[in-house]
Amino acid sequence: MRISVIGCGYLGAVHAACMAKLGHEVVGIDVDARKIEELSAARAPFYEPGLDVLLKEVQETGRLSFTTDVSAAEGSAVHFICVGTPQKKGENGADLTYVDAATTGLLPYLSAGDVVVGKSTVPVGTASRLAVLVQAEQPDAHLVWNPEFLREGHAVDDTLRPDRFVYGVSDGSEEHPAVSVLDEVYSTPLAAGTARIVADHPTAELVKAAANSFLATKISFINAMAEVCEATGADVTQLADAIGMDDRIGRKFLNAGIGFGGGCLPKDIRGFMARAGELGADQALTFLREVDAINMRRRTRVVELARDLCGGSLLGKRVTVLGAAFKPESDDVRDSPALSIAAQLQLQGAVVTVTDPKALSNAARRFPELQYEVDTSAAVLKADALLLLTEWQEYRDLDPYDLGSAVSSRRILDGRNVLDPAKWRAAGWIYRGLGRP
Ligand code: UGA
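A quick note: this is a predicted structure, and the numbers were derived from the prediction, not measured.

Asks: So what's going on with the overall build of the protein chain? Which residues, and what values?
Replies: When helices and strands are counted, the protein chain shows 18 helices and 14 strands. Radius of gyration (C-alpha) of the protein chain: 23 Å, near the 22 Å computed for a compact globule of 437 residues. By its C-alpha atoms, the protein chain is 70 × 50 × 40 Å across when sized along the principal axes. Residues counted as buried form 55% of the 437 residues belonging to the protein chain.

Dropping the structure here:
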């Protein structure tokens, strides 16, 4: 099938490459010329494991091209909208500027029978609103909302082998003509047994908001437990292991630590609350305010613990922050709790050095005032305290004995509870975890 993908960021670039891998002829479109140049040269403009290799592989087949010219969408049967929906400045709601621009920009190039497929995370009601625009321009075209559930760091695999597809069509029915078109797009994963649910527009939009809200709630739940554990001397990692053994609860997303960040969970729960407010259903989601508050409290708590660890004052203390990305296997620093903590430590007088295997250039653009060092051994040299804030494998594997001779004081705060406290203490370190004795 001929497919266009509008928006080539974390979502769209991966989606375009994966659709070509599935055998389709794909054109990726983005207004950012630099991104298009990189992608055209088969280079991922951001770090995502496996994406570079996949881009090379599919570009060699001639099935994938990139352009800044939206008219290239003409002739495609399916058009995926993959642009960002960031949080509005100074407000909780989502900024739909890019989704609206992508859709209206596409309208002149639609033909009868085309299917416009929204993948961006949008406030409920957006799909029905955009469907009116699509139909006004081309009465025989359709708009589907097909939310994306990929995780950064696993994006290629999550796109090629998702755990479910949700198709939101105007009448919510299996017989809707767009359903068979999307079935053809996804024929390979569907044949491999991926589940699919056909729903109406608002249900499909809400599935995404609900899924991310649930994940955020799960993380804040365990972080709330960590607060209680800290007050009682209990160990939240054992508590998570034990409750996670109940199938109904499950162990995934129960890792207590510095909390969630990234370009999705924080802004999605806020956007969801804002939209519920507009719909007069704000009471239903007031608990998300608490989820957000628990999450933000983690960052303050880590700064306090770091101060304690440094003997009561951060002034002039050399603190090394291990990890800047919002999670490992990503170079994304959007709302990264690690970076936000690093910036607060610096504000409170610490001399902060941040290291990360992939995210330093993004971090430096966001917080130019911090000091960055890509080499871990150089970054930890003469540190008064180490803070492990993004659990990259190389930090999990650090050897406390080797590291002990490089630092000035053997103090470590494990913001992700991934180190073995006994091992670090045996090597002479003062070890602090979050929600662990
Ligand atoms: C999230 C969802 O997991 C995806 O399903 C969704 O498609 C995506 O948002 C999106 O809306 O596009 P992502 O932002 O890539 O994916 O990251 P997650 O793996 O969900 O992690 C989010 C944050 O939670 C990270 O900062 C991570 O460190 C933190 N986290 C995760 C915890 O603090 N504890 C955990 O147990 C798990």
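Asks: Could you give an account of helix α10 (residues 236-244), with specific residues and numbers?
Replies: Taken as a whole, α10 has its buried residues at V236, T237, A240 and G244. Seen end-on, α10 carries its buried residues on one side only, within an arc spanning 105°. Opposite its buried face, α10 presents the exposed residues Q238 and A242, each directed more than 90 degrees away. Looking at the packing, one finds that the buried side of α10 touches α9 (201-232).

Asks: Can you tell me about the packing of helix α11 (residues 265-278) against helix α12 (residues 286-309), naming the residues and giving the values?
Replies: Remark: α11 packs on α12, axes separated minimally by 10 Å, with the N-to-C direction vectors making an angle of 150°. With respect to α12, the element α11 is oriented roughly antiparallel. The handedness of the crossing between α11 and α12 is left-handed. Contacts between α11 and α12 involve I269, R270, F272 and M273 from the former and L288, R289, V291, D292 and M296 from the latter. Each residue belonging to the contact of α11 with α12 can be placed in one class, and the counts come to six nonpolar, no polar and three charged.

Asks: I'd love a proper account of the site of the ligand, names of residues and values included.
Replies: In the vicinity of the ligand, 21 residues are found, and the nearest of them are L150, E152, K208, N212 and K327. L254 places a polar main-chain atom, nitrogen or oxygen, 3.4 Å from an oxygen atom of the ligand. K327 has a polar side-chain atom sitting 2.8 Å from an oxygen atom of the ligand. Protein contact buries 90% of the 720 Å² of open area that the ligand shows by itself. Tallied by class, the residues present in the shell around the ligand amount to ten nonpolar, four polar and seven charged. When residues are assigned to domains, the shell around the ligand turns out to be shared by domain 1 (2-193) and domain 2 (204-437), each giving three or more.

What counts and what doesn't
Residues numbered from 1 in each chain as written. Predicted model: local features only at pLDDT ≥ 70, side-chain atom pairs only at ≥ 80, totals over all residues. Heavy atoms only, no water. Helix = DSSP H or I, 4+ residues; strand = E, 2+ residues; numbered from the N terminus. Rg over C-alpha atoms; globule rule 2.2 N^0.38 Å. Buried < 20%, exposed > 50% of the residue type's maximum accessible area, 1.4 Å probe, protein only. Arc of directions from axis to C-beta. Contact = heavy atoms within 4.5 Å. Axes fitted to C-alpha atoms, helices over the stretch in contact; angles between N-to-C directions. Parallel < 35°, antiparallel > 145°, perpendicular 65-115°, else oblique. Left-handed = near helix turned anticlockwise from the far one by under 90°. Nonpolar A, V, L, I, M, F, W, Y, C, P; charged D, E, K, R; others polar. Near = heavy atom within 4 Å. Polar contact = N/O pair within 3.5 Å; in protein donor to acceptor, adjacent residues only side chain to side chain. Areas by Shrake-Rupley, 256 points an atom, 1.4 Å probe, with all protein chains shown as cover. Domains from an automatic or database assignment.

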